[in-house]
Amino acid sequence: MSVIEIHGLKKQFKSGKNIVEALRGIDLNVPQGQIFGLLGPNGAGKTTLLRILTTLLQADSGEATVVGHSLRSASAEVRRVIGYVSQKGGAEAAATGRENLSFQAQLYGMRGAQVTSRVDELLAALELESIAGRPVQTYSGGQRRRLDLALGMVHRPALLFLDEPSVGLDPQSRARVWDEVRRLHDSGTAIVLTTHYLDEADALCERIAIIDQGQIVAEDSPEGLKRKIAGDVVLLGLDNGHVIAAQELFSTQSFIREIKQEPEALRLLVDEGEQALPAILQLVHERGLPIRTVALNRPSLDDVFLRQTGRSLRDDLN
Amino acid sequence: MNLFSEIWIVARHSVRVALRNPMTIIVGLLQPVTWMLLFAPLLNNLPTTAGFAPGQAINSFTPGMLVMLAPITSLFSGIGLVVELREGVLDRLRVTPVSRLAVVLGKAARDLVVLLLQGILLLLVAWAMGLNVSFVGIVGALGLMLIVGLLMISVSYGFALMLRDENAVASISNVLLLPLLLLSGLILPLEFAPGWMQRVADLNPLAYTVDAMRALFAGQFASGAILNGFLVTAVLAALGLFWATRSFHRALA
Ligand SMILES: Nc1ncnc2c1ncn2[C@@H]1O[C@H](COP(=O)(O)OP(=O)(O)OP(=O)(O)O)[C@@H](O)[C@H]1O
Ligand SMILES: [Mg+2]
């Protein structure tokens, strides 16, 4: 069974005379019991898709069911079983962390001692106890994000949507958020998260859909996605002044499948890294290119993205 | 969960959060007191020029002040809503199963509590200045004031969700405020106005409210003005509430 089934979902935004096609026909199935990642660059449509699935926005066309309820005909039922942590958070700045959480618990129908014990539990799990009595506007970015997460899971939803859960967090807070997401998953909650961090998608998600310009361009497990690339990446480190010359040199070689310039480096995709490496070094030597480093890597999700879209995901981030 | 317990939860939370900033509330409460202290002395010489019975000026002036309090306090409620919209608070509320009408009414309740306190304070000051009004009149007057308040809050929320900008909400409120007040006859009776102005004032809902308020203070409970005032104000408040709730239902951001 799937927690989410999406067929032909489309959404346009009109701002003045401009029309933005935010979603151009999304078909997707999210299987039960997985941490599902939507990976894509800025403006890909991740937030738009989540806002539609959480009933905040209406799609122009297409159908979707969320935990068995149709978005179109049963949005109230959908709201009862999902949680949503938006990209912007949504905690009230003037209220304390505890007030925010208690209010949220009451909105989901909890009362009295039930509220207190659930709030205490969450404050402990996300290590917010020491600041729970302070107004949220005094929180650091990481503390605030952890509170957002707690707000989304107060009512133990069957399905939790997280829009960029770890954006702006230091590695320690990030690890804490990841741990909490995994724990939630172990307790049976289905999780759909968006991210533009490759390592996050790689480390956290069991299944990933890559979304670009409003379309799903690939979908599989992280390993499966990387396996499809079937090849290795050779990364040559060299001065920016020589990157162009190196690119010209390799672009005529048939055993190089793809080339991509990077700052102070050239990324080469080849079929068999071990066999290609001597040939590459030979060419470099003949041309007299002053390379500084050579690295042989398995493909990353970025290489998957590059392969699918012709662009690097990192280029879009700033 | 029924609608009333939902409204109660939202209202209680909003009041609690508002109390974190008691200064804002205290300043708000002082407002009607200062008006009364600054306006009322002018009334002493009014009877001779305006034809009021001596000593009765405060009785016809206070109902106007009560009606004026509502838009001045409540028309700006939407500003806070814009901030909540931008910070994603409204989205968070819209994803919960709580009814959207309950959210709007619960938030409005917080502002209405402040308005009610202001109204009571204003009446106390007026009473100290010689206001003479029946208990039924007072209850009716405060009730009518709260309905005007709900209308103004709803309209302000509607504008907030439509314009999504604090400054825009503040400007439109300011633009609306003065004509609304002057054309309601609440500062000076509209009997002094030229014909065209009276015609325009007939279209101003607050003019009916002011008439009803004056009748309540004068103890003319049989007067049709009271029924008219309540009816016009309540119908408009219901329409305003419908608009605000619908906008909240649809809010994108
Ligand atoms: N309310 C809106 N009005 C007009 N355009 C919009 C609106 N919301 C989103 N868009 C546009 O739709 C596209 C998709 O936006 P969306 O927020 O879904 O991207 P995203 O993948 O979440 O990006 P990010 O990683 O930056 O959060 C963008 O081009 C965006 O500018
Ligand atoms: Mg986004």
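Residues numbered from 1 in each chain as written. Chains lettered and ligands numbered in written order. Predicted model: local features only at pLDDT ≥ 70, side-chain atom pairs only at ≥ 80, totals over all residues. Heavy atoms only, no water.

Chemist: Any chance you could break down the interface of chain A and chain B for me, citing the residues and the numbers?
Modeler: Much of the literature gives interface size as the accessible area that the parts lose upon coming together. Between chain A and chain B, the residue contacts involve 29 residues of the former and 27 residues of the latter. Approximately 2600 Å² of surface area, both sides summed, lies buried where chain A meets chain B, with 56% of it carried by carbon and sulfur atoms. The interface formed by chain A and chain B includes 2 salt bridges. Of the charged contacts in the structure, one is a salt bridge between Arg51 of chain A and Asp91 of chain B, with a shortest N-O distance of 2.5 Å. Connecting chain A to chain B are 7 residue pairs in polar contact (both at pLDDT 80 or more). Elements with a minimum of two residues in the side of chain A that touches chain B: helix H2 (75-81), strand S6 (82-85), helix H3 (97-107) and helix H5 (141-153) of chain A. Among the elements that take part in the side of chain A that touches chain B, H3 of chain A stands out by supplying 6 residues, more than any other. Split by residue class, the side of chain A that touches chain B holds 12 nonpolar, 9 polar and 8 charged. (Contact = heavy atoms within 4.5 Å. Buried area = accessible area lost by both parts, 1.4 Å probe. Salt bridge = Lys/Arg side-chain N within 4 Å of Asp/Glu carboxyl O. Polar contact = N/O pair within 3.5 Å; in protein donor to acceptor, adjacent residues only side chain to side chain. Helix = DSSP H or I, 4+ residues; strand = E, 2+ residues; numbered from the N terminus. Nonpolar A, V, L, I, M, F, W, Y, C, P; charged D, E, K, R; others polar.)

Chemist: Can you tell me about the sheet that holds strand S8 (residues 190-195) of chain A, naming the residues and giving the values?
Modeler: All names here are of chain A. Strand order across the open sheet formed by 6 strands is S6-S7-S8-S3-S9-S10, with mixed pairing between neighbours. Sheet topology places S6 and strand S10 (215-220) at the edges, where each strand pairs with a single neighbour. Between one strand axis and the next, the sheet turns through 15° on average, direction left out of account. Here strand S9 (residues 207-212) pairs with S10 via 5 bridges, running antiparallel. When the bridges of S10 are listed, Ala209 appears paired with Glu219. Packed on one face of the sheet, helix H1 (residues 46-53) meets strand S3 (35-39), S6, strand S7 (159-163), S8 and S9 and runs near 150° to S7. Against the sheet, H5 engages S6 and S7, with an angle of about 165° to S6. (Pairing = 2+ DSSP bridges. Axes fitted to C-alpha atoms, helices over the stretch in contact; angles between N-to-C directions.)

Chemist: Describe the side chain of Lys46 of chain A, naming the residues involved and giving the relevant values.
Modeler: Residue and element names in this part refer to chain A. Secondary-structure assignment places Lys46 in helix H1. Judged by relative accessible area, Lys46 falls into the buried class, the value being 5%. Excluding its chain neighbours within four sequence positions, the residues that come into contact with Lys46 are Leu38, Leu39, Gly40, Pro41, Glu164, Thr194, Thr195, His196 and Ile211. (Buried < 20%, exposed > 50% of the residue type's maximum accessible area, 1.4 Å probe, protein only.)

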